Structure formats: C-alpha cells, structure tokens
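One-letter residues, chain by chain:
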Amino acid sequence: MSNVPAYVSRSGYKIPAIALGVYKTPVNEAPKLVHSALNIGYRHIDCAQFYNNEKEVLQGVAEWINENPKTNKRSDVFYTTKIFDQNHGYELTKAAIQQSLDNIKGISDYLDLVLIHSPQSNKEKRLGSYKALQEFAEAGFIHSIGVSNYGIHHLEELYAWEGLKIEPAVNQVELHPWLMRNELVKYCRNKGILLEAYSPLVRGQKFDKDENVMSLSKKYNKSQAQIMIRWSIQQGFVTLPKTSNPGRLASNFDVFNFDNPERLVSNFDVWDFEIKDEDMEILNMPNSYFVTGWDPTTFHD
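Quantities reported herein were computed from a predicted structural model and do not represent experimental measurements. (Residues numbered from 1 in each chain as written. Predicted model: local features only at pLDDT ≥ 70, side-chain atom pairs only at ≥ 80, totals over all residues. Heavy atoms only, no water.)

## Details of the overall build of the chain
And step 1. Looking only at helices and strands, one finds ten helices and ten strands in the chain.
And step 2. Counting only C-alpha atoms, the chain reaches 50 × 45 × 35 Å along its principal axes.
And step 3. Across the 301 residues that make up the chain, the buried fraction comes to 57%.
And step 4. Considering only contacts in the chain between residues 6 or more positions apart, those separated by 24 or more positions represent 76%.
And step 5. Accessible surface computed for the chain: about 13100 Å², of which carbon and sulfur atoms make up 47%.
And step 6. Here the chain carries 32 positive and 37 negative side-chain charges, and the mean point of each set is 1 Å from the other. (Helix = DSSP H or I, 4+ residues; strand = E, 2+ residues; numbered from the N terminus. Buried < 20%, exposed > 50% of the residue type's maximum accessible area, 1.4 Å probe, protein only. Contact = heavy atoms within 4.5 Å. Areas by Shrake-Rupley, 256 points an atom, 1.4 Å probe, with all protein chains shown as cover. Lys, Arg positive; Asp, Glu negative; His and termini not counted. Charge placed at Lys NZ, Arg CZ, Asp CG, Glu CD.)

And the structure:
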C-alpha cells in the first residue's frame, strides 16, 4: 500500500503529493513503466493528450488493477490529462475530453483531473475550453479541473469571466529552485489554487553542476534528484518528476531501463528526511529565471 501524502484540492478530492510524469515516455515502454510505478507506490500519473501515450499509460493502470483487484483499486490512482492548444475552444475541447474518457473506458467512467495544457490560443478559445471542462465536471465525468502554464494575467481573465462556476483546482507550471515564480505562487495560493511543479529535476541540467545541490546531496546522503524533489515537496507543491537517468540523457530524456529501476524508486523515496530551513534558503534562487523548455505563462494574444 502507498502512504504518499496528499493535498485536498478545492474540489474536495485528494491529490497525491508526488506523481510520475510520462512526457516523452515511448508507447512501447509506457504500460510497463506505469505498472512498475504503481507497484512501487506511486498513486498519481501525470499524462496529457499531447504526449501521445495516453492509451498505453492507461493500459499500465489497467494491468496493475487487474493484477490484484481486491487491493489495487481505480479509486487509489489519481490520473491527470490535459487539453492541448489545437483543441482549444468549446466544441473541440468537448471532443477532446470525450476522447480521453473513451481511452479510460474499461477502467472507469471518470477522469481525476483535466487541465488546459497552456494558454496559447486566445481569450474566446480559452474560456470556451474552460466552459467545456465545467460541464463535464458538473456531469461527474471529471472530478477536478484546472489549468497549466497559466500566468497571473491568464488567471485574472478566467476569474473575470461571468461564466466561471468552478474555480481552478490546480495550476501546473515549471517550478524549481532556479525558477521559483514567487509572484505567481503567491497569487495562486491567495486564490486557493494548488500548484503542481513540473521539471523539478530541471531535466538533469543542474546535476553535477550546482555546488549547493551537490553539497546538500553529500550532507543528507541523498541523491541530487532526491534533494531537488524534496525541495519541491517542502515548498508545498505537488511534484511531478519524470523518470530519467542523468547519466544517459539524450535530448533531455531517456528510455526507462526496467532491468535497473533505481531511478524510479529513488525519485519516490523522499519521505524519510527533511531539508533544514537554512538549507532550503541555500537552494532558493528567487531572482533566477532558468526555463528548461517553453514558458507559456508569458504568452499574450
């Protein structure tokens, strides 16, 4: 059984504090990766339609449930997907949500969390997409709804909309010591929006390069990845590490090695220590702006 701490979102549903991110996980590896993660103790899977592996990820969930239906329950797995830019707008988003519901058939008739993947369209399309999310949530097909990569101006647009019925439970953005986004974090917390942190490992770009991380890794006898993940957890973020091996990065990702799953295990094994306050301050880089990929929070249309 998993003992992962969880946050209760404004929707009333619990969101496990650490998730397995499956971006760029190859379709032929996804089922086994997800099945292995659930056996290790992960209970939160962060997927998206843009990843093009949703069916295979859900196949891994189904295999885990079927392995032992008495103990392995669908209700124990928190599954997230996202609506990408080309499906923004009311009608396109309705069709996209239905596709994700079709993908999960045979496992359940609901999605735990659906996010607008980015704000990169326009006001009419963004609000149309959110209208569709609200309708599926009101019908019980989605338990929680939210956004991803939204800046303050995008959130203010949503809050000013007269059609807003269900406030966003989540804003998922890139967050780590070199991209703290203090203003956005404060805004979201004031609004009761739970923050989810993707790329908490900075895609391996700080491994063996940042002296503070290396020093604390030695001090706490933990891997550099564990230090970064623990920093994120102690910030109060839902943390979304992607499985990768920093020694074998290729285009910022690699294929999971099932014969050597230490990385998957170690990323999850972060509950037996706590970084001291003074060491958290050493890691904090509030004036840094280190983006590992895109940053749609800055998008203006």
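## Re the nonpolar core
And step 1. Leu 20 and Ile 45 are the most contacted members of the largest nonpolar core, which totals 77 residues.
And step 2. Once residues lying within four places of it in the same chain are set aside, the contact partners of Ile 45 are Leu 20, Val 22, Val 34, Leu 38, Val 57, Val 77, Phe 78, Tyr 79 and Thr 80.
And step 3. Counting eleven residues, the second-largest nonpolar core is a separate cluster that includes Phe 78, Leu 113, Leu 115 and Leu 240. (Core = buried A, V, L, I, M, F, W, Y, C linked by side-chain atoms within 4.5 Å.)

## Thoughts on the sheet that holds strand E10 (residues 238-240)
And step 1. Taken together, eight strands build an open sheet; the order of strands is E3-E4-E5-E6-E7-E8-E9-E10 and the sheet is parallel. The sheet terminates laterally at strand E3 (20-21) and E10, the two strands that pair on one side only.
And step 2. Here strand E5 (residues 78-83) runs beside strand E6 (residues 111-116); their pairing, made up of four bridges, is parallel. Following the sheet pairing, Thr 81 is matched in E6 by Val 114. (Pairing = 2+ DSSP bridges.)

## Considering helix H7 (residues 211-220)
And step 1. Residues of H7 that are buried include every one of Val 213, Leu 216, Ser 217 and Tyr 220, and no others. The buried side chains of H7 occupy one side of the element, clustering within an arc of 110° when seen end-on. Projecting away from the buried face of H7 at angles above 90 degrees are the exposed residues Glu 211 and Lys 218.
And step 2. Elements that come into contact with the buried residues of H7 comprise helix H8 (224-234) and helix H10 (277-283).
And step 3. One side-chain oxygen at the N-terminal end of H7 lies 3.0 Å from the backbone nitrogen of Asn 212; it belongs to Asp 210. (Arc of directions from axis to C-beta. Polar contact = N/O pair within 3.5 Å; in protein donor to acceptor, adjacent residues only side chain to side chain.)

## Regarding the packing of aromatic side chains
And step 1. Throughout the structure, instances matching the rule amount to eight aromatic pairs.
And step 2. Taking 6.4 Å as the distance between ring centres and 85° as the angle between the ring planes, the aromatic pair formed by Tyr 130 and Trp 161 counts as edge-to-face. With Tyr 130 in helix H4 (residues 123-138) and Trp 161 in the loop between helix H5 (152-160) and strand E8 (170-174), this pair connects stretches of sequence that are 31 residues apart. Trp 161 shares its class with Tyr 130; the two are buried.
And step 3. Put simply, the rings of Phe 50, Phe 84 and Trp 294 touch in pairs and so form one group of aromatic residues.
And step 4. Of note, Lys 131 hangs over the ring of Tyr 90, and the distance from its end group to the ring centre comes to 4.7 Å. (Phe/Tyr/Trp six-rings, centres within 6.5 Å; stacked < 30°, edge-to-face > 60°. Lys NZ or Arg CZ within 6 Å of the ring centre and 35° of its normal.)

## Examining the packing of H7 against H8
And step 1. Where H7 contacts H8, the two axes come as close as 8 Å, and the packing angle between them is 95°. The orientation of H7 with respect to H8, classified from their angle, is roughly perpendicular. On the side of H7, the interface is formed by Val 213, Met 214, Leu 216, Ser 217 and Tyr 220, while H8 contributes Gln 224, Ile 227 and Met 228. (Axes fitted to C-alpha atoms, helices over the stretch in contact; angles between N-to-C directions. Parallel < 35°, antiparallel > 145°, perpendicular 65-115°, else oblique.)

All quantities given are derived from atomic positions and should not be read as evidence of function.
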